[in-house]
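# Architecture and fold: a report
Residues per chain, in single letters:
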Amino acid sequence: SSTKPTRTGYSFLGWSTSASATSATWSAGGSYTTNASDTLYAVWKANTYTLSFDANGGVSAPGSQTKTYGKTLTLSTTKPTRTNYIFKGWGTSSSSTTVAYQPGGAYTANTSRKLYALWTLSYKKPRITNYIVRRCNELKQPDENGIYALVNFNWACDRDVSSIKIQWKLSAATT
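Here the residue numbering is sequential within each chain, running from 1 through the sequence in written order. Given that the model is predicted, a residue must reach a pLDDT of at least 70 before its local features are reported, and side-chain atom pairs must reach 80 or more before they are shown or counted; all residues, however, enter totals for whole chains, interfaces and linings. Heavy atoms throughout the structure, all of them, feed into the side-chain values; hydrogens and water do not.

Here we come to the packing of aromatic side chains. Where two aromatic rings form a pair, the distance of their centres and the angle of their planes describe that pair. Working definition: a ring pair exists when centres of Phe, Tyr or Trp rings (six-membered ring for Trp) sit within 6.5 Å. Plane angles under 30 degrees give stacked, over 60 give edge-to-face, the rest tilted. All chains considered together, the criterion is met by eight aromatic pairs. Taken together through their ring pairs, the aromatic side chains of Phe-53, Phe-87, Trp-90 and Trp-119 make up a single cluster. The ring centre of Tyr-10 lies 3.8 Å from the NZ or CZ of Arg-7, which sits over that ring. Charge-over-ring contacts are defined here by two conditions on Lys NZ or Arg CZ: a distance within 6 Å of the ring centre and an angle within 35 degrees of the ring normal. For the cation-ring pair, Arg-82 lies above Tyr-85, with the distance from its terminal atom to the ring centre recorded as 3.9 Å.

Further remarks concern the side chain of Ser-16. By the criteria applied, helices consist of DSSP H or I runs no shorter than four residues and strands consist of E runs no shorter than two, each listed in order from the N terminus. Examined against the element boundaries, Ser-16 turns out to sit in strand β1 (residues 10–16). Of note is the side chain of Ser-16, whose polar atom sits 3.2 Å from the backbone nitrogen of Ser-18. If we ignore the near neighbours within four places in the chain, the residues touching Ser-16 are Ala-21, Ser-23, Thr-25, Trp-26, Thr-39, Leu-40, Tyr-41 and Val-43. A 3.5 Å cut-off defines polar contacts: any pair of N or O atoms within that distance qualifies, except that in protein one atom must be a possible hydrogen donor and the other a possible acceptor, and neighbouring residues in sequence count only when both atoms are side-chain atoms. Contacts: residue pairs with any heavy atoms within 4.5 Å of one another.

Okay, structure coming up:
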């Protein structure tokens, strides 16, 4: 018969006289010329899916992996790198903000997919807290009529910093 049977997640390769065959002896619609009664068994090959990785601005993403239908794929433990960033995990689009998979994690979907590295800055932005601005005179003494300002504040940064620069502008100014 030229009819090809179907099976979810598998490709039909042909027919064989062994139920455990991995290659077909006859194809659908082929000729059976043996003068004997035989039972022919469908030979199936599990579908495979390609999982690829995009470093998404970084370097050294792992190579592609092949997932077989119905089997769990363990993701590569290779992590990409990016200067000044920490790798968070893998997302399903280049603009993902939510991690969908971790290195070494399980991938169970029966579909080909590209995973994208998700990144977070490896430092915290500098923080300014407890700031107070007081009008003062040229001697830094509080003065309601003074033409100077005394600015006090606390600041923190997660890196060693040798100096900071404070600038000001008039509220009506554009620069």
